[in-house]
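The primary structure of each chain is shown beneath.
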Amino acid sequence: MPLVARVLIDSPLPQLDRLFDYAIPPALRADAVPGVRVKVPLRTAGRVVEGYLVEVVERPEPSVAGKPLSELDAVVSPVAVLTPELYALARRVADRAAGSASDILRLVIPKRMVRAEKAWLAARVAAVAGASDAVVSGGGDSGATGADAAVSDAGAAKAADAAPDADADAAADAGVVDAGASDAEASAAGTSDTAASDVESTEPAAAGVAWARGILSDFPDLPAALADHARIALDAPPRPAAAGPYGAWAELVSAIALDTLARGQSTLIVVPDQRDEDQVLAVLAAHAPEGVVVQGDARRSGPERYASYLRLLGGETAIVVGNRSTVYAPAADVGTVIIWDDGDALLSEQLSPGVHARDAALVRQELEGSALVLAGHTRTTDVERLVQLGWVREVTARRRESPTVVLSATRDGEARGQRVPSAAFAAAREALTHGPVLVQVARPGYAPVLVCADCRTPARCPHCTGPLRSRRPGAAPECTWCGLTIGSWACGNCQSTRLRMASSGSERTADELGRAFPNTRVIVADGDHPVTRVDARPALVVATRGAEPHADGGYRAVILLDGDRMLLAEQLRIGESCLRWWSNAAALAAPGAPVHLVGVTGPVARALATWTQPAYARAELADRAPLHMPPTVRVAAVEGTATSVETALGALREAVPTLDAGAVLGPVPRDGSGAGGTATSGSSGRPAGTGAGTGAGVRALVRFDYALGRPVAEALRAAVVADALHGRSRDRRAGADRFAPRTTLKVRLDVPELDL
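Quick caveat, the model's predicted, so the values are computed rather than measured. (Residues numbered from 1 in each chain as written. Predicted model: local features only at pLDDT ≥ 70, side-chain atom pairs only at ≥ 80, totals over all residues. Heavy atoms only, no water.)

Draft legend 1. How the structure looks around the sheet that holds strand β10 (residues 293-296). Ordered in space as β10-β11-β9-β12-β13-β8-β14, the 7 strands form an open sheet in which the pairing is parallel. Edge strands, defined here as strands with exactly one partner in the open sheet, are β10 and β14 (393-395). Within this sheet the neighbouring strands show an average axis-to-axis angle of 20°, counted without direction. Judged from the 3 bridges that link them, strand β8 (residues 231-235) and β14 form a sheet pairing that is parallel. Bridging across to β14, Ile 232 finds its partner in Arg 393. Packing of helix α10 (residues 274-287) onto the sheet brings it into contact with β9 (266-270), β10, β11 (319-322) and β12 (334-340), and relative to β11 it is tilted by some 155°. (Pairing = 2+ DSSP bridges. Helix = DSSP H or I, 4+ residues; strand = E, 2+ residues; numbered from the N terminus. Axes fitted to C-alpha atoms, helices over the stretch in contact; angles between N-to-C directions. Contact = heavy atoms within 4.5 Å.)

Draft legend 2. Just the pattern of salt bridges, in detail. According to the stated counting rule, one finds 42 salt bridges in the structure shown. Residue Asp 382 pairs with Arg 358 through a salt bridge whose shortest N-O separation is 3.4 Å. Here Arg 358 lies in helix α12 (residues 357-368) and Asp 382 lies in helix α13 (residues 381-389), a separation of 24 residues in the sequence. In this structure, Asp 382 and Arg 358 share a single accessibility class: buried. Measuring nitrogen to oxygen at the nearest pair gives 2.8 Å for the salt bridge that ties Arg 379 to Glu 384. (Salt bridge = Lys/Arg side-chain N within 4 Å of Asp/Glu carboxyl O. Buried < 20%, exposed > 50% of the residue type's maximum accessible area, 1.4 Å probe, protein only.)

Draft legend 3. Fine view of the sheet that holds strand β1 (residues 3-9). The strand order β2-β1-β4-β3-β7 describes an open sheet built from 5 strands, whose pairing is antiparallel. Each edge of the open sheet carries a strand with a single partner, namely β2 (19-23) and β7 (74-75).

Draft legend 4. Local environment of the confidence of the model for the chain. Mean pLDDT over the chain works out to 84, with 82% of the residues at or above the 70 mark. Between the elements of the chain, mean pLDDT differs from a low of 37, seen in helix α6 (residues 177-189), to a high of 97, seen in strand β13 (residues 371-376). For residues 159-201, every residue scores under 50 in pLDDT, and the model assigns this stretch 44 contacts once sequence neighbours within four places are set aside. The low-confidence segment residues 672-695, where pLDDT is below 50, has 60 contacts with residues more than four positions distant or belonging to other chains. (pLDDT = per-residue confidence, 0-100.)

Draft legend 5. Fine view of the pairing of strand β27 (residues 634-640). Along β27, 7 of the 7 residues are buried, which leaves the element largely enclosed by surrounding structure. Because side chains alternate across β27, one face comprises the buried residues Arg 634, Ala 636, Val 638 and Gly 640, and the other comprises Val 635, Ala 637 and Glu 639, equally buried. Note that β27 and strand β29 (residues 697-704) share 7 bridges and pair antiparallel. Its bridge partner lying in β29, Val 635 is registered against Arg 703. When β27 meets strand β30 (residues 746-749), the two strands line up antiparallel, connected through 4 bridges. Across the sheet, residue Glu 639 finds its bridge partner in β30, namely Lys 746.

Draft legend 6. Looking closely at the nonpolar core. Counting 54 residues, the largest nonpolar core has Ile 109 and Tyr 328 as the members making the most contacts within it. Beyond its immediate stretch of four places on either side in the chain, Tyr 328 contacts Leu 86, Leu 89, Val 93, Ile 104, Val 108, Val 355, Ala 360 and Arg 364. By size, the runner-up hydrophobic cluster in this structure holds 39 residues, among which are Trp 211, Ala 241, Leu 258 and Leu 284. (Core = buried A, V, L, I, M, F, W, Y, C linked by side-chain atoms within 4.5 Å.)

Draft legend 7. Up close: the side chain of Thr 544. Summarising the element assignment, Thr 544 is placed in strand β23 (residues 540-544). The class of Thr 544 is buried, set by a relative accessible area of 8%. Those residues in contact with Thr 544 that lie beyond four places of it in its chain are Gln 440, Val 441, Arg 443, Pro 444, Ser 506, Ala 525 and Asp 526.

Draft legend 8. Region of interest: the pairing of β2. Most of β2 sits out of view: 5 of its 5 residues are buried. Side chains Leu 19, Asp 21 and Ala 23 of β2 all project onto a buried face; the interleaved residues Phe 20 and Tyr 22 project onto the opposite face, where all are buried too. Here 5 bridges tie β1 to β2, and the two strands are oriented antiparallel to one another. Of the residues in β2, the one forming a bridge with Ala 5 is Tyr 22.

Draft legend 9. Structural context of the packing of aromatic side chains. Going through the model one piece at a time under the given rule, you end up with 2 aromatic pairs. Where Trp 249 meets Trp 340, the ring centres are 4.3 Å apart and the plane angle is 5°; that geometry is what we call stacked. In this pair, Trp 249 is assigned in helix α9 (residues 248-262) and Trp 340 in strand β12, connecting sequence segments 91 residues apart. A relative accessible area of 5% places Trp 249 in the buried class. Owing to a relative accessible area of 3%, Trp 340 belongs among the buried residues under this scheme. Positioned over the ring face of Trp 391 is Arg 231, at 3.6 Å from the centre of the ring. (Phe/Tyr/Trp six-rings, centres within 6.5 Å; stacked < 30°, edge-to-face > 60°. Lys NZ or Arg CZ within 6 Å of the ring centre and 35° of its normal.)

As structure tokens, then:
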């Protein structure tokens with residue numbers, strides 16, 4: 001019976017987000033196995049495109065509408081890089097977000113690197129040969145390994161022929177593949193060497209498990225919840241670790257990973273940025289067995305990333321540490337997925353379809369039945385909503401830990417408006433006799449905001465109306481938008497030519513504190529001056545939020561400035577964000593060190609002082625529920641031309657008649673700035689606000705209950721496909737480039753802010 005390949009085409013066009021049938025020619029039947037990369041002809045476009053072979057089926061009549069099926073053009077590689085589990089996850093996540101599965105896979109599967117692939121294939125062939133020799137000599141029975149399923153029989157034969165080409169240079173390019181090659185050589189060396197290596201590796205593994213269980217003993221209910229594969233909300237200890245330059249949270253997530261590894265399962269640790277990743281890697285380097293940690297982030301070269309991905313396809317248990325795309329890693333038998341600090345915006349994917357790592361992890365946990373740990377120093381309203389529903393289990397520590405927080409604005413005798421009150425100043429002076437002091441500020445630079453010295457009107461650029469700033473004392477102001485230096489400026493309100501610095505950035509704060517504390521080191525840590533670690537000597541560390549370096553032994557005092565300015569941001573979640581920034585900074589303080597929050601009162605300040613972030617999240621949910629604000633409801637952003645948006649909203653109302661009358665907000669006109677950094681379906685690999693159709697247009701928001709998620713996503717996705725087909729037919733009649741994407745309607749689900 002003829003074989004038919006079902007192929008997912010790697011394309012940004014939404015109308016191609018389905019499986020296409022292709023006949024398998026006899027010459028490619030041995031290589032055409034599910035998961036491999038293939039090249040297929042696209043009849044309507046008259047070109048050859050790449051895709052993934054998802055499945056192979058048998059059909060008596062391989063034809064459509066009386067026409068024979070097109071044949072596969074080529075098999076790009078014998079390695080099955082797309083596992084069935086990964087495709088199921090990508091499909092499920094894309095459908096929930098009204099996006100394309102190929103957009104998800106483009107974030108996960110690295111580009112093919114031939115040299116790294118050759119080295120991996122050569123190592124697999126050597127491993128199989130060594131296992132066969134062992135079976136022949138021992139008279140035993142051999143079983144297929146997980147790696148065997150990733151390479152077809154013909155591919156293994158080709159790999160054997162190509163093995164001489166996979167020399168030491170290729171292995172060096174492959175990075176972690178060297179570890180896989182060493183494993184293959186060790187398995188083929190002999191029983192005596194294997195037994196010796198097992199004895200050597202057992203001792204550190206046992207020591208790591210014992211250390212992990214000691215860390216987890218502070219959470220009595222956690223081991224049982226992990227073994228039960230539960231969904232867990234976990235508050236990490238807010239203090240530095242005593243053993244090294246990392247936080248106690250890094251020890252906690254590493255201990256969970258080692259405990260999972262001891263049960264013979266893999267762990268995925270998803271962190272927001274490289275600084276957090278380095279802390280986790282430092283802990284695992286000290287306690288994890290050699291060769292089990294796989295690093296998956298964008299800092300690595302292409303060959304290293306591809307080699308790490310191939311290693312995960314080998315079927316061996318591993319601990320994978322990386323950024324947001326790590327949540328999709330095809331590790332074998334995943335037992336636990338850990339999301340650290342899910343309130344960080346870096347965990348929200350900026351490319352289409354814009355899925356948050358937390359949402360992808362929830363989908364993966366439902367599909368695979370692994371444990372899911374949502375850990376942090378604070379509790380987001382998204383996680384707290386799941387806790388209240390009973391979908392996520394809250395696990396608490398045996399003994400509650402909290403830093404010493406002082407609200408300077410509530411102390412008697414403190415003057416409001418004073419940037420560094422006397423109590424915080426005295427605490428910093430005392431702490432500097434023992435070690436470093438952290439001062440957190442809102443913005444980088446010297447003077448981020450300039451105003452007219454006479455009428456206090458904000459200074460604007462005469463060319464683009466952007467805000468002006470000053471990089472250093474006495475320097476001419478420059479525009480923060482266009483970068484133009486303004487030699488002569490006049491106020492548009494009173495015609496004055498005098499400027500005044502309205503705010504202080506990290507550099508100006510460091511300058512002022514340097515004069516207030518003479519003979520003291522002053523270290524600036526922000527985006528332009530990255531610092532990851534400071535020693536235990538006395539120093540003033542002035543850092544912007546999120547850029548605070550780790551101090552050996554912890555900071556002897558922490559001063560949080562500009563809190564009132566941070567809370568003035570026009571954002572729905574600004575209270576959550578400020579609480580997270582301040583809590584993460586407070587967690588860097590040494591045990592017993594004071595943490596001064598300057599100039600802030602109200603619920604956010606009380607939550608920080610009492611260290612009751614979950615209670616603050618519950619109060620936020622109670623306030624947002626009557627107003628139908630996220631995350632009590634889901635929100636979809638629909639953006640495009642006025643005709644496209646109105647057509648999509650009309651189709652949505654028809655497909656989902658149970659939507660409330662006030663579910664749709666807008667549409668309202670949009671300026672030419674695009675979507676303000678949000679990812680949208682249809683942008684496909686480009687940040688929102690780029691590409692066709694983002695100039696003049698309108699934007700609408702749709703609020704809907706979680707129970708209506710599937711029909712709303714299906715209706716909006718159908719609208720995107722219909723708009724794309726209509727746009728291409730219109731452009732074809734007009735003689736436009738037939739290969740250029742013409743999608744003008746853009747959709748994103750689960751937007752965090754109601755921003756029209």
